[in-house]
Amino acid sequence: MIVQNQYFQTLQHFPVPETVLLHQFEIQIQIKYRDEGRPRFGLMRGREFVMKDAYSFDLDEAGLDKSYKTMYDAYCRIFTRLGLDFTIVDADSGAMGGSGSQEFMVKSPVGEDGIAYCDECGYSANYEKAECVAQSKPSPEGDLALEKIDTPNVHTIDELVSFMNAEAYNFAKTILYKADDKYIAAMVRGDREVNEVKLKNLVGCTDDLELAEPAVVRELTNAEVGFAGPIGLNIPVYVDKEVELMRNFIVGANETDKHYRNVNIGRDFTPVSVADIRTIEDGDICPRCGKPIKTAQGIAVGHIFKLATKYSDALGLNYLDENGKTQTVVMGCYGIGVSRCLSAIIEQGNDENGIIFPVSVAPYEAIVIPVNNKQEEQMAAAEKIYEELKAQGIETLFDDRAERAGVKFKDADLIGVPVRIVVGKKCGEGIVEYKERTSDSAVEKTINEAVEDVVKFVTSHR
């Protein structure tokens with residue numbers, strides 16, 4: 001709780017221009033509850049969490065752009081002060097809707113979100129939004145005759161590659177989904193994955209998009225799972241742009257243990273739509289500059305949206321302009337996952353000994369450790385240092401436990417206290433040890449020097 005309280009205070013005191021705050025923004029930090037189907041990693045994704053929400057209300061799109069930029073800049077200052085290495089990416093607006101949104105992502109191998117970025121031009125987007133450039137692969141020239149072939153017990157692309165001695169990009173896989181109250185099929189190249197968010201947006205699915213149940217697949221294809229294909233399929237087929245570039249490719253035949261070879265769009269089947277419906281991959285072509293894309297996993301800690309008039313239209317949120325005409329208020333929405341930020345800070349700030357907290361969010365800024373709590377001289381000196389630090393506004397922890405010095409040192413590192421003073425045998429000579437959490441070794445200093453350096457270090461990093 002100490003960590004959370006200090007952390008929330010830090011977030012609440014970031015500078016947002018007062019006039020903007022009073023006239024355009026509604027801001028709150030509160031506990032939220034969500035029926036999360038897949039809680040994981042403690043604060044990273046839970047059913048109860050703390051969220052910072054804000055909404056802006058403007059007269060027009062130009063006002064929204066200004067409010068959006070104000071909050072964008074404030075978020076950059078917040079995450080910088082939290083010590084996070086973050087990336088801002090274009091994002092899908094999802095259920096929130098609106099004309100556009102951006103996410104603030106912290107790179108981490110435990111992150112659930114994928115990030116695509118280009119070091120050359122600065123392009124960045126999450127996987128849900130990242131645009132894929134269609135890339136063609138070698139294929140036989142001219143349309144070859146369609147041929148049905150036996151593929152006994154061969155269900156997956158990997159199995160097909162081995163069975164037919166072909167490359168994964170010679171195949172197009174057909175995946176069936178339930179979109180609202182209807183069933184659809186999506187096709188991507190054999191070495192690609194369907195991006196379900198892109199597909200959902202393309203189809204205009206208002207509810208959930210989910211994989212069709214095996215029983216439904218069997219009913220729609222008249223075959224076991226693994227043999228679905230577009231030819232003769234009586235549901236809408238959506239094709240990725242790369243599949244449109246393919247010639248004489250291989251698909252399921254909607255018949256168990258059978259596939260079609262030499263399939264071509266237009267001659268053998270006609271999709272209802274051709275669009276970018278795949279997930280971007282490392283090494284793909286950057287949609288802006290053509291250089292190779294890099295990918296990483298990330299934690300979404302903030303999200304800002306241009307809602308425009310989606311909700312104000314629905315709620316009848318209007319105003320009279322200078323000409324007495326009714327106009328609709330233009331809205332923006334801005335959120336920070338406060339609890340998740342704490343997890344992200346620890347994911348990025350740690351070593352083999354424990355947490356490395358930035359001073360700005362550390363529950364204690366300094367710790368004073370007497371080596372032997374039975375030595376009156378050490379205890380007296382340690383307590384004096386503790387009181388001096390507190391008097392100078394340093395949030396200080398005094399570890400007077402009857403534990404070995406090594407245990408105290410390990411615990412101080414484990415909980416991430418930024419700087420420590422150790423009071424040992426030389427305290428009678430006015431000498432103590434000073435160590436910053438990120439330093440490899442302690443340095444002997446006079447008591448006055450140690451106190452002054454703690455104050456200087458903490459105040460310069462707040």
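Up top is the structure these notes are about.
Residues numbered from 1 in each chain as written. Predicted model: local features only at pLDDT ≥ 70, side-chain atom pairs only at ≥ 80, totals over all residues. Heavy atoms only, no water.

### Things to note about the pattern of salt bridges
No. 1: All told, the structure shown has 27 salt bridges when counted by the stated rule.
No. 2: Among the salt bridges present, the one from Arg 401 reaches Asp 411, with a minimum N-O distance of 2.9 Å. Separated by 10 residues along the polypeptide, Arg 401 in the loop between β22 (396-398) and α11 (405-414) and Asp 411 in helix α11 bring together distant segments of the chain.
No. 3: Judged by its relative accessible area of 34%, Arg 401 falls in the partly exposed class.
No. 4: Three or more residues joined by partner-sharing salt bridges are found here, namely Arg 189, Asp 191, Arg 192, Glu 242, Arg 278, Glu 281 and Asp 284. (Salt bridge = Lys/Arg side-chain N within 4 Å of Asp/Glu carboxyl O. Helix = DSSP H or I, 4+ residues; strand = E, 2+ residues; numbered from the N terminus. Buried < 20%, exposed > 50% of the residue type's maximum accessible area, 1.4 Å probe, protein only.)

### Some details on the packing of aromatic side chains
No. 1: Taken as a whole, this structure holds eight aromatic pairs when the rule is applied.
No. 2: Centre to centre, the rings of Tyr 72 and Phe 104 are 5.8 Å apart; their planes meet at 55 degrees, and the pair counts as tilted. Residue Tyr 72 is found in helix α3 (residues 61-81), and its partner Phe 104 is found in strand β4 (residues 100-107); the two are separated by 32 residues along the sequence.
No. 3: You can call Tyr 72 partly exposed: its relative accessible area is 22%.
No. 4: Looking at Phe 104, the relative accessible area reads 0%, which means it is buried.
No. 5: Their ring planes at 45 degrees and their centres at 6.2 Å tell us that Phe 86 and Phe 104 sit as a pair that is tilted. Note that Phe 86 is positioned in strand β3 (residues 86-90) and Phe 104 in strand β4, a separation of 18 residues in sequence.
No. 6: Cluster of aromatic residues (ring-pair linked, three or more members): Tyr 72, Tyr 75, Phe 79, Phe 86 and Phe 104.
No. 7: When the ring centre of Tyr 68 is taken as reference, the NZ or CZ atom of Lys 306 above it lies at 5.0 Å.
No. 8: Stacked on the ring of Tyr 434, the Lys or Arg Lys 445 has its end atom at 5.2 Å from the ring centre. (Phe/Tyr/Trp six-rings, centres within 6.5 Å; stacked < 30°, edge-to-face > 60°. Lys NZ or Arg CZ within 6 Å of the ring centre and 35° of its normal.)

### What to know about the layout of surface pockets
No. 1: Taken as a whole, the largest pocket encloses approximately 1,600 Å³ of empty space.
No. 2: If you trace the largest pocket, you find 48 residues lining it, with Arg 34, Arg 45, Glu 103, Glu 128 and His 303 closest to the centre.
No. 3: Of the residues in the lining of the largest pocket, the class split is 19 nonpolar, 14 polar and 15 charged.
No. 4: By volume, the second largest pocket is sized at about 470 Å³.
No. 5: Looking at the second largest pocket, it is lined by 22 residues, and the ones nearest its centre are His 155, Lys 173, Thr 174, Ile 175 and Gly 226.
No. 6: Those elements that place two or more of their residues in the lining of the second largest pocket are α4 (157-164), β8 (172-179), α6 (214-221) and β12 (249-252).
No. 7: Residue contributions to the lining of the second largest pocket peak at five residues, all from β8.
No. 8: Residues belonging to the lining of the second largest pocket are distributed by class as follows: 15 nonpolar, six polar and one charged. (1 Å grid on protein atoms, 1.4 Å probe; cavity = no way out; pocket = protein on both sides within 12 Å on 5 of 7 lines; lining within 4 Å. Points joined across faces, edges and corners; volume = space filled by probe spheres on them. Nonpolar A, V, L, I, M, F, W, Y, C, P; charged D, E, K, R; others polar.)

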